[in-house]
Amino acid sequence: VYTGGTARTETYHYENLWTLTQNLQQRSGEDFQIRPIYEGGKLSFLASWHATRGDDLSESVLLIEDKNLESLTLDEQGPIANTVTAAGSGAGGTTWDDRLLGETQDTDSISTHGRRDRVDVLTGIADQDTLDASAAAILADLKDPRSHISAVALNTGPADWSRYNVGDTVNVQGFLKHSLWACDLNLRIYGREWRPDNRCSLELA
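Calculation rules
- Residues numbered from 1 in each chain as written.
- Predicted model: local features only at pLDDT ≥ 70, side-chain atom pairs only at ≥ 80, totals over all residues.
- Heavy atoms only, no water.
- Pairing = 2+ DSSP bridges.
- Helix = DSSP H or I, 4+ residues; strand = E, 2+ residues; numbered from the N terminus.
- Axes fitted to C-alpha atoms, helices over the stretch in contact; angles between N-to-C directions.
- Expected span 1.5 Å × (residues − 1).
- Buried < 20%, exposed > 50% of the residue type's maximum accessible area, 1.4 Å probe, protein only.
- Contact = heavy atoms within 4.5 Å.
- Polar contact = N/O pair within 3.5 Å; in protein donor to acceptor, adjacent residues only side chain to side chain.
- Patch = residues over 30% accessible without salt bridge, like charges linked within 9 Å, V, L, I, M, F, W, Y side chains within 5 Å.
- Areas by Shrake-Rupley, 256 points an atom, 1.4 Å probe, with all protein chains shown as cover.
- Salt bridge = Lys/Arg side-chain N within 4 Å of Asp/Glu carboxyl O.
- Phe/Tyr/Trp six-rings, centres within 6.5 Å; stacked < 30°, edge-to-face > 60°.
- Lys NZ or Arg CZ within 6 Å of the ring centre and 35° of its normal.

### Digging into the sheet that holds strand β7 (residues 117-121)
- In space, the three strands of this open sheet follow the order β6-β5-β7, with mixed pairing throughout. The open sheet has two edge strands with one neighbour each: β6 (99-105) and β7. For this sheet, the mean angle separating the axes of adjacent strands, direction not counted, is 15°.
- Across six bridges, the pairing between strand β5 (residues 83-90) and β6 is antiparallel. Among the inter-strand pairings, alanine 87 is bridged to a residue of β6, identified as leucine 101.

### Notes on helix α3 (residues 128-142)
- In a regular helix each residue adds 1.5 Å, so 15 residues correspond to 21 Å; α3 covers 21 Å between its end C-alpha atoms and thus fits that length.
- Along α3, the residues classified as buried are Thr130, Leu131, Ala133, Ser134, Ala135, Ala137, Ile138, Leu139 and Leu142.
- Residues of α3 that are buried in the fold lie against α1 (17-28), β5, β6 and β7.
- In this structure aspartate 127 caps α3, since a side-chain oxygen of it lies 3.4 Å from the backbone nitrogen of aspartate 129.

### Quick word on a nonpolar patch on the surface
- Taken together, the side chains of Trp18, Ile34, Tyr38, Leu43 and Phe45 make up a nonpolar region of the molecular surface, amounting to roughly 620 Å² of accessible area.
- As for its position among the elements, tryptophan 18 is in helix α1.

### Quick notes on the packing of aromatic side chains
- Tallied over the full model, the rule gives three aromatic pairs.
- Summarising the aromatic geometry, the rings of tryptophan 18 and phenylalanine 32 are spaced 5.6 Å apart at their centres and angled 85° between planes, so their arrangement reads as edge-to-face. Placement of the pair is tryptophan 18 in helix α1 and phenylalanine 32 in strand β1 (residues 31-39), with a sequence separation of 14 residues.
- Classification of tryptophan 18 by relative accessible area gives partly exposed; the value is 45%.
- With centroids separated by 5.9 Å and ring planes inclined at 15°, the aromatic side chains of phenylalanine 32 and tryptophan 49 adopt a geometry described as stacked. Taken as a pair, phenylalanine 32 in strand β1 and tryptophan 49 in strand β2 (residues 42-50) lie far apart in primary sequence, 17 residues in all.
- Its relative accessible area of 22% is what places phenylalanine 32 among the partly exposed residues.
- Counting every residue linked through ring pairs, the aromatic cluster contains Trp18, Phe32 and Trp49.
- Against the face of tyrosine 190 rests arginine 146, its NZ or CZ located 5.3 Å from the ring centre.

Don't take any of this as a statement about function, it's just geometry.
Structure, rendered in structure tokens:
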């Protein structure tokens, strides 16, 4: 378990553990992994928490259309938020007047996209540092639109399946037959799924 970063103080009551884990990941901007291990006829699971899962392999791992990548689809995703307010629980009661607030904004994103506000109510948080860190993580994730690619990866060069995993950042080159739309992007792998036809589906952003 990674124990660095900003210390957080949150209170949970009778909530689903999976939902809480996902919320904590989003509010902290960190990553978690649940890895299945089959050994000696027994299936077990190892849960790990990371500051950031994966490595930046963009200088050494290339996924290129018509070589080790096919069936590419590309879109640009939102939503965009560049002024974020995280509202915690009340300091002395439950009214809005005594709630702690964590607020942050990104001036470059505001200049490019106009001001776009977002408010998240985080009722389990009554600690200012935790609220500020949560607002900063939400802003970092939403201040810019993200390029998203769905594709099928082949187990061939210039980088076969063993060279990368979920969390790694790789270089993706696609739509090379149409120079107007060609892309050469460093993208992070958010999901991969092996298919019975010996191919691997990838989600990158």
